[in-house]
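# Topology and contacts: notes
If you want the building blocks of each chain, they are given just below.
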Amino acid sequence: MDILRISATGHGINYLPEYYAAATGVFERRGLTVVATAHDPWDGVIHALDAGDADLVLGGIWAPAMYAGAGRDLVSIGQLNARFPKAIVTREPVEDFTWSWMTGRTVLAPGQGGTASYGFTAGVMREHGVDPAGTRFVRDLSTSMLREMYEHGLGDAFVADTITAVSMCRAGSGHVAHDFATAAGPMPNSVYYTDRSRLDEVRDRAVALMAGIDEAMQALSAGADPTAVIAAEWPYGDQQALRQSAAMLAANGTWSGSAIEPAALDRWVAFLHERGLSAKHASYEELVDASVVAAALAEGATR
């Protein structure tokens, strides 16, 4: 078996296709063993890549975009999430939510694991003609800390990942006013990337990985039962909330495909660059090697 070591910025339900592929023999049938390690804080993934302890990173493509032309040449080989799997959660139901609702309000946007909760929210607001400067964003702290503060009265809304949104709704502490995955369009939220200098070294294993990921995405989107995998990965989690979250992700396009869409990437990179989070507006060709997924999909078509 070939071994592929992945350093991940988290261990979330949105990463389920990778865990499903590992648990059900999808990778094994391709001669691949995937060893995944989650890092907290997230930037441990970069250190692991530098040290040679990881072959690929699983995380936001905002990191390669921010580093482009700024000391690192990080390239993505495919995506695990094709949507931004988060929601605007409010204290009371908000009928017919529009982005102008955010103006004058305090919104908690966790940021300990990355910049997307605020960056993508603010970008979508600007697309809809609403200035994010009119909203008081509470940022940079962990999801668990901000959720606790929110549930004790801080803020008017919460930018929550899928499992947090589901848990808050089940607990009666929130209501989903806006689901980004269904309403905000494609966005390469979680991708696999490596240093470009290592791409040839990892290419064959990366093709096997992405072929397995695509097979797992298709299975989950078609209704495969992930109950046993969820129980193994999160034995102490709320199993009903986790299963409900997985069903939502399977239905809302988050696992719709492993190929990064050029227009979706360019939109996200523009959001980052407009807010000064990158020195340049990096192109698709600078950030993505599409040949890996192309080879993976070709393999899948012949199976």
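Let me begin by describing the structure that accompanies this report.

How each quantity is defined
- Per chain, the residues get numbers from 1 upward, laid out in the order the sequence is written.
- Predicted model: local features are reported for residues with pLDDT of at least 70 only, side-chain atom pairs are reported and counted for 80 or more only, and whole-chain, interface and lining totals are derived from all residues.
- The basis for the side-chain values is all heavy atoms of the structure; hydrogens and waters are excluded.
- Whether two aromatic rings pair depends on their centres lying within 6.5 Å, for rings of Phe, Tyr and Trp, where Trp uses its six-membered ring; planes under 30 degrees apart make the pair stacked, over 60 edge-to-face, and the rest tilted.
- Only DSSP runs of H or I covering at least 4 residues are called helices, and only runs of E covering at least 2 are called strands; the numbering of each starts at the N terminus.
- Only protein chains enter the accessibility calculation, which uses a 1.4 Å probe; a residue whose area is less than 20% of its type maximum is buried, one above 50% is exposed, and one in between is partly exposed.
- Whether two residues are in contact is decided by their heavy atoms: any pair within 4.5 Å suffices.
- What counts as a salt bridge is simple: a side-chain nitrogen of Lys or Arg found within 4 Å of a carboxyl oxygen of Asp or Glu.
- Two strands pair under a simple rule: DSSP has to find at least two bridges between them.
- Every axis corresponds to a line fitted to the C-alpha atoms, with the helix fit spanning only the stretch in contact, and the corresponding angles, defined between N-to-C directions, vary from 0 to 180 degrees.
- In protein, a polar contact requires one atom able to donate a hydrogen and another able to accept it; more generally it is a pair of N or O atoms within 3.5 Å, and residues adjacent in sequence count only if both atoms are side-chain atoms.
- A patch is a set of surface residues, each over 30% in relative accessible area and not in a salt bridge, joined within 9 Å for like charges and within 5 Å for the nonpolar side chains Val, Leu, Ile, Met, Phe, Trp and Tyr.
- Areas reported here follow the Shrake-Rupley algorithm with a probe of radius 1.4 Å; residue values treat only the protein chains shown as occluding.
- Should an angle fall under 35 degrees it is taken as roughly parallel, and over 145 as roughly antiparallel, whereas 65 to 115 is taken as roughly perpendicular and any remaining angle as oblique.
- For this classification, the nonpolar set comprises Ala, Val, Leu, Ile, Met, Phe, Trp, Tyr, Cys and Pro, the charged set comprises Asp, Glu, Lys and Arg, and every other residue, Gly included, is treated as polar.
- We call a set of buried Ala, Val, Leu, Ile, Met, Phe, Trp, Tyr and Cys residues a nonpolar core when their side-chain atoms join them within 4.5 Å.

Turning our attention to the packing of aromatic side chains. In total, this model carries 13 aromatic pairs according to the counting rule given. With a centroid separation of 4.9 Å and an interplanar angle of 70°, the aromatic rings of Trp-42 and Trp-62 are classed as edge-to-face. With Trp-42 in the loop between β2 (32-38) and α2 (44-51) and Trp-62 in helix α3 (residues 62-67), the pair connects residues that are 20 residues apart, well separated along the chain. Both residues of the pair, Trp-42 and Trp-62, belong to the buried class. Both rings, one in Trp-268 and one in Phe-271, keep their centres 6.4 Å apart while their planes meet at 80°; by these two values the pair is edge-to-face. Taken together, the positions of Trp-268 and Phe-271, both in helix α11 (residues 262-274) and 3 residues apart, correspond to about one turn of that helix.

Once that is clear, we can look at the side chain of Arg-267. Take Arg-267: it is sitting in helix α11. The class for Arg-267 is buried, based on a relative accessible area of 18%. Other than its neighbours up to four places away in sequence, Arg-267 contacts Phe-120, Val-124, Glu-127, Ala-184, Gly-185 and Pro-186.

Attention now moves to the pattern of salt bridges. Overall, the coordinates contain 15 salt bridges when judged by the stated rule. Here Arg-72 and Asp-50 are joined by a salt bridge, their closest N and O atoms 2.8 Å apart. Residue Arg-72 is located in the loop between α3 and β4 (74-81), and its partner Asp-50 is located in helix α2; the two are separated by 22 residues in the primary sequence. By relative accessible area, Arg-72 is classed as partly exposed at 26%. Note that Glu-274 is salt-bridged to Arg-126, the shortest N-O span being 3.4 Å. Of this pair, Glu-274 sits in helix α11 while Arg-126 sits in helix α4 (residues 116-127); the two residues are 148 residues apart in sequence, bridging distant segments of the chain.

If you trace the 5 strands from one edge of the open sheet to the other, you get β7-β6-β8-β5-β9, paired in mixed fashion. Each of the sheet's edge strands pairs with one partner strand only, and the pair in question is β7 (136-139) and β9 (175-179). Pairs of neighbouring strands in the sheet enclose a mean axial angle of 30°, with direction left out of account. Two strands pair when backbone bridges link them, and strand β6 (residues 106-109) and strand β8 (residues 157-161) are joined in this way by 2 bridges, in the parallel orientation.

Attention now moves to the side chain of Asp-55. Note on placement: Asp-55 falls in the loop between α2 and β3 (56-59). Polar contacts involving the side chain of Asp-55 include one to the side chain of Arg-198, which spans 3.1 Å. Polar contacts involving the side chain of Asp-55 include one to the side chain of Arg-205, which spans 3.3 Å.

Judged by side-chain polarity, Leu-141, Met-145, Met-149 and Leu-154 come together as a nonpolar surface patch covering roughly 310 Å² of accessible area. Mapped onto the fold, Met-149 is located in helix α5 (residues 143-151). When its relative accessible area of 39% is taken as the criterion, Met-149 is described as partly exposed.

Quick look at the sheet that holds strand β1 (residues 2-8) now. Think of a sheet as strands paired side by side through backbone hydrogen bonds, with each pair either parallel or antiparallel. Taken in spatial order, the 5 strands line up as β2-β1-β3-β10-β4 in an open sheet, and their pairing is mixed. Sheet topology places β2 and β4 at the edges, where each strand pairs with a single neighbour. This sheet shows a mean twist of 30° between the axes of neighbouring strands, independent of strand direction. Pairing of β4 with strand β10 (residues 190-195), which is carried by 6 bridges, proceeds in the antiparallel orientation. Bridge pairing links Ser-76 to Tyr-193 in β10. Contacting β1, β2, β3, β4 and β10, helix α8 (residues 199-221) runs over the sheet at an angle of about 15° to β4.

Two elements in contact, helix α1 (residues 16-23) and α8, have axes whose closest approach is 8 Å; the angle formed by their N-to-C orientations is 100°. Between α1 and α8, the angle falls in the class roughly perpendicular. From α1, Leu-16, Pro-17, Glu-18, Tyr-20 and Ala-21 reach across to α8, where they touch Gly-212, Ile-213, Ala-216, Met-217, Ala-219 and Leu-220. Its residues placed into classes, the contact of α1 with α8 shows 9 nonpolar, 1 polar and 1 charged.

In terms of nonpolar packing, the biggest core is built from 45 residues, with Trp-99, Met-102, Phe-120, Phe-180 and Trp-268 touching the most fellow members. For this core, the secondary structure elements donating two or more residues are α2, α3, β6, α4, β8, β10, α11 and α12 (284-287). Among the elements that line this core, the one with the most residues is α4, at 6 residues. Excluding residues within four positions of it along the chain, Met-102 makes contact with Ile-88, Phe-97, Val-107, Thr-121, Met-125, Gly-134, Thr-135 and Phe-137. Leu-56, Leu-80, Ala-208 and Met-210 belong to the second-largest nonpolar core, a separate cluster that totals 42 residues.

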